[in-house]
Amino acid sequence: MTNSVARSESDPPVAEPVVRVIGHVKWFDSAKGYGFIVAESTSDASLTGDVMLHISCLRDYGETLADEGAKIVCDAVKRPRGWQTAHIIEMERPRAAVARERGERPDYEEVTLKWFNRARGYGFVRRSSDEIDIFVHAVALRKAGYDDIEPGTLIEVIIETGAKGDHVLSVRPKR
């Protein structure tokens, strides 16, 4: 017979040991809702590899974006699937947020929807000037009011370059 102690809902949660991380954002994809941090300095040598950064931590910090290369200080915890950010202490402001505060508006450009698979939640668009496919996530399309969209539809988008190449950051219907 094992001697175990049952926890009741009123018991405080068991605190996970946290490791302080100083590093930079390797990449962050707002459409996927996560990215990774490269640790440059840690309070525990057992932290090896990248640290996952989930959008919920960014939201708790008051942001929704993290720029590639941005300096970050955070606490991380070891989870079954690896190291994960638990709390952001300090981070360089995303370029998009700084631009908004300065009154700068990003430039939308016209593209054509090549294809979109609603079940998979993504598709691709193309600029008229080249034959390169640019990733578009269903979330960006839904924010612009598109629940379903047909190939060949002209839309206006803001394209961002990330670690995995170009992707659509924002969509608006063609004006």
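The shown structure was predicted, so the numbers you read here are calculated from the model rather than taken from an experiment. Residues take numbers from 1 onward in each chain, read along the sequence in its written order. This being a predicted model, a pLDDT of at least 70 is required before a residue's local features are given, and a value of 80 or more before pairs of side-chain atoms are given or counted; all residues contribute to the totals for chains, interfaces and linings. Side-chain numbers come from the whole structure's heavy atoms, not from hydrogens or water.

> Talk me through the pattern of salt bridges; I want residue IDs and the actual numbers.
Close approach of charged atoms allows side chains of opposite charge to pair. The term salt bridge refers to a pairing of a side-chain nitrogen on Lys or Arg with a carboxyl oxygen on Asp or Glu at a separation within 4 Å. Counted according to the given criterion, the structure contains 10 salt bridges. Across the pair Arg127 and Glu109 runs a salt bridge whose closest N-O atoms are separated by 2.7 Å. With Arg127 in strand β7 (residues 122–127) and Glu109 in strand β6 (residues 109–117), this residue pair connects regions lying 18 residues apart in the sequence. Of the charged contacts, one joins Asp133 and Lys114 as a salt bridge, the two residues approaching to 2.9 Å between their closest N and O atoms. Taken together, the residues span a long stretch of sequence, with Asp133 in the loop between β7 and β8 (134–137) and Lys114 in strand β6 at a distance of 19 residues. Numbered from the N terminus, helices here are DSSP runs of H or I no shorter than four residues, and strands are runs of E no shorter than two.

> Please give an account of the environment of Ile132 that cites residues and values.
Topologically, Ile132 is positioned in the loop between β7 and β8. Taking the relative accessible area as the measure of exposure, Ile132 reaches 52% and is therefore exposed. Each C-alpha atom of the pair Ile132 and Asp166 lies 9.4 Å from the other, and the pair is 34 residues apart in sequence. Leave out the neighbours within four places in its chain, and Ile132 touches Val125 and Arg126. Residue exposure (1.4 Å probe, protein chains only): buried if accessible area is under 20% of the type maximum, exposed if over 50%, otherwise partly exposed. Whether two residues are in contact is decided by their heavy atoms: any pair within 4.5 Å suffices.

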